[in-house]
Amino acid sequence: MTVAPLLRLSAWPTPLDPAPRLASALGLHPGDLWVKRDDLTDLGGGNKVRKLEHLVAEAVAGGATVLVTSGGAQSNHARMTAAAAARLGLGAVLVLAGTPSAERPGNLALDGLLGARVVAVGDVDGAALERRVEEVAGRLRDDGEVPAVLPLGGSSPTGARGYLTCAAELRAQAPDAAHVVVAVGSGGTMAGLVAGLGGDRVLGVDTGAVPDPAERVAGLVAALGVSGAPVRLRHDQVGTGYGVLTAAAAAAMRTAARTEGLLLDPVYTAKALAGLAAAVTDGSIRPGERTVFVHTGGLPGLFGHSVAAALAARVLADPT
Ligand SMILES: *Cc1c(COP(=O)(O)O)cnc(C)c1O
């Protein structure tokens with residue numbers, strides 16, 4: 001792999017904040033739980049910035065004039081790619097699957113604000129989505145552009161290197177962390193953490209974004225040059241599927257908000273915290289063990305999800 005010089009797209013390191021009231025609410029000791037604030041990055045916040053620093057550096061080194069990427073209708077990765085493109089004076093084309101709707105603005109509103117072109121392709125599988133991305137890239141080439149296609153979720157070996165840096169920050173900020181809990185979508189975030197911290201300490205919570213998260217994470221860890229690391233992954237929080245809010249995730253969102261003022265998104269971080277809570281309940285995380293919850297961002301997606309309107313309706317009906 002040739003390594004392009006890093007582009008800085010945010011300020012590092014992100015903070016590691018204590019969360020004593022949330023710790024107590026989950027059955028841990030108040031000093032056990034810390035939150036790695038990767039929601040507090042630039043480009044609207046979230047984990048994809050670390051990946052984009054590497055991916056966009058490679059694209060720029062290759063002479064790209066426009067970034068092309070793909071995701072779901074409320075993709076945080078697509079929104080942050082649009083922001084990175086604007087920052088660097090590049091174009092952005094986002095190929096979005098699912099059913100983008102003006103009634104659920106969220107990240108879509110930001111995509112538009114950032115000047116990205118959105119190509120909505122409807123309910124397609126991963127292979128069909130990739131074909132549509134190649135078609136879009138081909139048309140851009142015909143128009144004299146130099147498109148750089150960034151992978152779904154930014155999860156290539158190049159993108160996952162961004163989370164080696166996060167792992168290094170955590171080694172300095174929380175050297176005694178026994179558990180690092182993180183949401184898993186396309187897998188690059190967990191892979192970088194496993195490669196940098198070892199597989200025993202990292203607990204991934206599957207959000208149902210891809211059918212084979214364990215294989216993807218293991219493949220990316222190997223591509224980062226680390227062999228034999230275990231991949232600890234919980235699959236018990238997916239519910240009926242990606243993006244569908246479970247009762248446990250809704251409870252986790254409420255608890256984080258009301259104990260710490262910590263705002264989670266319904267698709268990734270709420271399920272990750274629900275997985276952390278389940279790990280405490282089943283004894284795989286025990287009181288007295290220092291635990292880091294990686295807040296991977298995603299708040300704009302709350303306003304692109306049906307739960308936002310439900311929360312607003314509820315507070316109007318019952319102001320307590
Ligand atoms: C993309 C995303 C994740 C998952 O990261 P992957 O590297 O795709 O596994 C977690 N949280 C948020 C908010 C995300 O946008």
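The rules behind the values
- Residues numbered from 1 in each chain as written.
- Predicted model: local features only at pLDDT ≥ 70, side-chain atom pairs only at ≥ 80, totals over all residues.
- Heavy atoms only, no water.
- UniProt positions renumbered as here; feature names shortened; annotations may be inferred.
- Helix = DSSP H or I, 4+ residues; strand = E, 2+ residues; numbered from the N terminus.
- Near = heavy atom within 4 Å.
- Polar contact = N/O pair within 3.5 Å; in protein donor to acceptor, adjacent residues only side chain to side chain.
- Areas by Shrake-Rupley, 256 points an atom, 1.4 Å probe, with all protein chains shown as cover.
- Nonpolar A, V, L, I, M, F, W, Y, C, P; charged D, E, K, R; others polar.
- Contact = heavy atoms within 4.5 Å.
- Axes fitted to C-alpha atoms, helices over the stretch in contact; angles between N-to-C directions.
- Parallel < 35°, antiparallel > 145°, perpendicular 65-115°, else oblique.
- Left-handed = near helix turned anticlockwise from the far one by under 90°.
- Patch = residues over 30% accessible without salt bridge, like charges linked within 9 Å, V, L, I, M, F, W, Y side chains within 5 Å.
- Salt bridge = Lys/Arg side-chain N within 4 Å of Asp/Glu carboxyl O.
- Buried < 20%, exposed > 50% of the residue type's maximum accessible area, 1.4 Å probe, protein only.
- Domains from an automatic or database assignment.
- Core = buried A, V, L, I, M, F, W, Y, C linked by side-chain atoms within 4.5 Å.

Going by the annotation in an unreviewed UniProt entry, the name recorded for the chain is Pyridoxal-phosphate dependent enzyme, with Geodermatophilus maliterrae given as the source organism. Quoted straight from UniProt, the Sequence similarities (unreviewed entry) entry for the chain says "Belongs to the ACC deaminase/D-cysteine desulfhydrase family."

Caption draft 1: Region of interest: the UniProt feature "domain: Tryptophan synthase beta chain-like PALP" (unreviewed entry) in the chain. Within this numbering scheme, the UniProt entry marks residues 9–297 as carrying the feature "domain: Tryptophan synthase beta chain-like PALP" (unreviewed entry). Taken end to end, residues 9–297 is 43% helix and 17% strand, and its two terminal C-alpha atoms sit 16 Å from one another.

Caption draft 2: Broad picture of the site of the ligand. What surrounds the ligand is a group of 16 residues, the closest being Lys48, Lys51, Gly185, Ser186 and Thr296. With respect to the ligand, the backbone of glycine 185 contributes an N or O atom lying 2.7 Å from an oxygen atom. Isolated, the ligand exposes 380 Å² of accessible area, and the fraction of that covered by the protein chains is 98%. Every element with two or more residues in the shell around the ligand is listed here: helix H2 (48–61), strand E7 (179–184) and helix H8 (188–197). Looking at the shell around the ligand residue by residue, the class counts come to three nonpolar, eleven polar and two charged.

Caption draft 3: The environment of leucine 55, seen in detail. Tracing the sequence through the fold places leucine 55 in helix H2. Residues leucine 55 and leucine 7 lie 48 residues apart in sequence; the distance between their C-alpha atoms is 9.0 Å. Leucine 55 has contacts with Leu150, Pro151, Gly154, Ser156, Thr158 and Gly159, leaving out every residue within four places of it along the chain.

Caption draft 4: Geometry of the packing of helix H7 (residues 162–173) against H8. At a closest axis distance of 7 Å, the pairing of H7 and H8 adopts a crossing angle of 50°. What the angle tells us is that H7 and H8 run oblique. Seen from above, H7 lies across H8 with right-handed handedness. From H7, Tyr163, Leu164, Cys166, Ala167, Leu170 and Arg171 reach across to H8, where they touch Gly188, Thr189, Gly192, Leu193, Ala195, Gly196 and Leu197. Its residues assigned to classes, the contact of H7 with H8 comprises eight nonpolar, four polar and one charged.

Caption draft 5: Highlighting a nonpolar patch on the surface. There is a patch of nonpolar side chains on the surface, built from Leu263, Leu299 and Phe303 and spanning about 280 Å² of accessible area. With relative accessibility at 30%, the residue leucine 299 sits in the partly exposed group.

Caption draft 6: Structural context of the domain arrangement of the chain. Per the domain assignment, the segments of the chain are domain 1 (16–46 + 155–317) and domain 2 (48–154). Residue-level contacts link 30 residues of domain 1 with 23 residues of domain 2. Applying the counting criterion to the domain 1 and domain 2 interface returns three salt bridges. Among the salt bridges present, the one from glutamate 169 reaches arginine 50, with a minimum N-O distance of 2.9 Å. Residue assignment for the side of domain 1 that touches domain 2 shows that the elements contributing at least two residues are helix H6 (157–160), H7, H8 and helix H12 (299–302). Broken down by element, the residue count for the side of domain 1 that touches domain 2 peaks at five residues, all from H7. Its residues assigned to classes, the side of domain 1 that touches domain 2 shows seven nonpolar, 18 polar and five charged.

Caption draft 7: View of the nonpolar core. Grouped together as the largest cluster of nonpolar side chains are 30 residues, with contacts concentrated most on Leu33, Leu273, Leu276, Ile285 and Phe293. Elements with a contribution of two residues or more to this core: helix H1 (20–26), strand E2 (33–37), E7, strand E8 (202–206), helix H10 (247–260) and helix H11 (269–281). In terms of residue count, the dominant contributor to this core is H11 (seven residues). Those residues within four positions of leucine 276 in sequence are excluded, and the remaining contacts are Leu26, Leu28, Leu33, Val181, Ile285, Thr291 and Phe293. In this structure, Ala59, Leu67, Ala85 and Ala116 belong to the second largest nonpolar core, which totals 23 residues.

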